[in-house]
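If you want the building blocks of each chain, they are given just below.
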Amino acid sequence: MGEMTTDGISILCSAMSIKLLLLLYLSGGVFTKELPDADCRVMQLETVQCVWNKQGIPEVNYTFHGWFHSERNDTECPTYMSEKNTRVGCIQPYNTRNNRFHSFYTNLQHGSINFLKEHELKTRVKLKPPSNLTVKTGSDSNLWYYWNQSDPSCEENEVRYRINNREWDNSSPHSRSFCINLPSSSSLYELQVRGKLSSKCGESIFWSEWSEPVLWGSNNSTVKTDPHQVSVSMSWWTPLLYLSGALALILMVVMLRHRERVRIILLPVVPKPSFSSYDIQDLLAHSKGLNESFKPSYNEHACPVREYCPASQSD
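Residues numbered from 1 in each chain as written. Predicted model: local features only at pLDDT ≥ 70, side-chain atom pairs only at ≥ 80, totals over all residues. Heavy atoms only, no water.

Undergrad: Whenever I open this one, the sheet that holds strand E8 (residues 125-126) confuses me. Can you help?
TA: One open sheet accounts for 5 strands, arranged E4-E5-E2-E1-E8; its pairing is mixed. Whereas interior strands pair on both sides, the edge strands pair on one side only; in this sheet they are strand E4 (79-83) and E8. Sheet analysis places strand E2 (residues 47-51) next to strand E5 (residues 86-93), joined by 5 bridges and oriented antiparallel. In the sheet register, Val48 faces E5, and the bridge partner there is Gln92. (Pairing = 2+ DSSP bridges. Helix = DSSP H or I, 4+ residues; strand = E, 2+ residues; numbered from the N terminus.)

Undergrad: Would you mind going over the side chain of Ser187 with me for this structure?
TA: Secondary-structure assignment places Ser187 in the loop between strand E13 (177-180) and strand E14 (188-197). Accessibility expressed as a relative area gives 13% for Ser187, which makes it buried. With residues up to four places along the chain from it excluded, the contact list for Ser187 reads Ile163, Asn164, Trp216, Gly217 and Ser218. (Buried < 20%, exposed > 50% of the residue type's maximum accessible area, 1.4 Å probe, protein only. Contact = heavy atoms within 4.5 Å.)

Undergrad: Looking at this structure, I do not really get the packing of aromatic side chains. What am I missing?
TA: Describing an aromatic ring pair means giving the distance of the ring centres and the angle of the ring planes. Counted under the stated rule, the structure contains 7 aromatic pairs. Ring geometry for Phe68 and Tyr94: centres 6.2 Å apart, planes at 70°, overall edge-to-face. Of this pair, Phe68 sits in strand E3 (residues 63-68) while Tyr94 sits in the loop between E5 and strand E6 (103-110); the two residues are 26 residues apart in sequence, bridging distant segments of the chain. Like Tyr94, Phe68 is buried. Put simply, the rings of Phe68, Tyr94 and Phe104 pair up and form one aromatic cluster. Of note, Arg87 hangs over the ring of Tyr80, and the distance from its end group to the ring centre comes to 4.3 Å. (Phe/Tyr/Trp six-rings, centres within 6.5 Å; stacked < 30°, edge-to-face > 60°. Lys NZ or Arg CZ within 6 Å of the ring centre and 35° of its normal.)

Undergrad: Please clarify how the confidence of the model for the chain should be interpreted in this entry.
TA: Averaged over every residue, the pLDDT of the chain is 76; residues scoring 70 or more account for 64%. Counting contacts from residues 24-32, a segment whose pLDDT is below 50, to residues more than four positions away or on other chains yields 0 contacts. Ignoring residues within four places in sequence, the model shows residues 221-234, a span with pLDDT below 50, making 21 contacts including any to other chains. (pLDDT = per-residue confidence, 0-100.)

Undergrad: Could you clarify how one ought to interpret the sheet that holds strand E9 (residues 131-137) in this entry?
TA: Whenever strands of a sheet pair, they do so through backbone hydrogen bonds, lying parallel or antiparallel. Overall, antiparallel pairing links the 3 strands, which are arranged E9-E10-E13 in an open sheet. In this open sheet, the two strands that pair with only one neighbour each are E9 and E13. Here the strands of the sheet are splayed against their neighbours by 20° on average, with no regard to which way each runs. Judged from the 5 bridges that link them, E9 and strand E10 (residues 143-148) form a sheet pairing that is antiparallel. By the bridge assignment, Val135 is partnered in E10 with Tyr145. (Axes fitted to C-alpha atoms, helices over the stretch in contact; angles between N-to-C directions.)

Undergrad: Where do I start with the pairing of E6 in this structure?
TA: Remember that side chains alternate between the two faces of the sheet whenever the strand is regular. Two elements, E3 and E6, share 6 bridges in a ladder whose sense is antiparallel. By the bridge assignment for E6, Thr63 is matched with Gln109. Between E6 and strand E7 (residues 113-120), which pair antiparallel in sequence order, lie 2 residues; one of them, Gly111, sits at a positive phi of approximately 65°.

Undergrad: How should the pattern of salt bridges be read in this particular structure?
TA: Pairing between side chains of opposite charge can happen when the charged atoms of each approach one another. A complete count under the given rule lists 9 salt bridges for this structure. The salt bridge involving Asp39 is made with Lys54; its shortest N-O contact spans 3.4 Å. One end of the pair, Asp39, is in strand E1 (residues 39-43); the other, Lys54, is in the loop between E2 and E3, with 15 residues separating them in the sequence. Members of the salt-bridge network, linked through shared partners, are Asp39, Arg41, Lys54 and Arg124. (Salt bridge = Lys/Arg side-chain N within 4 Å of Asp/Glu carboxyl O.)

Below you can see the structure in the form of structure tokens.
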């Protein structure tokens, strides 16, 4: 009885081992070859865009079909997106704006292989970024920004701005305007806006791209520019300043080497004498040169001098 139990356990273990090896083999074959997975979203309420290269560029060119519920369309994708001569996505017309509330079906086909998938696109809408950003100084001395929306009745916007190229400051959602209180004209203000569908129209999970920035400040002028161009232009100033400093230093060294040396003689300060408190002897004692000037530089013979006495006439 004990031997039969041991044999049964051995047979059971061997069968489980075979199944485990078979499972590992099959799973290995599946994992080594990624299955295409179409990812779709509504772009700007104009087209449906689907891509299937999240796992990398596929090894084969798939044929794509996509349609909304009750609108079966057997026609092939009108516009493919390619990468390295391989199809990786499809762009097809959106047709009706309300279609995003219906299920969307995709089929990737290659030979006899079909990959079917159902998509819910109600919250997968990506709008265009807001356009025509303008800035004005109001009568209240505040700075007001205005812009145009892709869908004014359904779109909400988010604003971000920064001062003097510091960190961005994001604001709460706004409709079509934004105000900065009492701005300083000596500072540089930069603002961008993005948008998405609000909750009353389905509330998309995707924000649009950020709009082109608007700059204001310094000279109270409005400038539209690309932030990459701003950073590039600022990055050029640093090496230019270093180069200018190095050239100026070399020029100064060369000029000093070829220039005659200038001897500097320090003269002591002679105090101005006050004749009320100093006599001529003190003045002569302070100045050796002045004392020498009073000494005679010539010699004279002494002449004898006697008193003259007039003679009497009687004599």
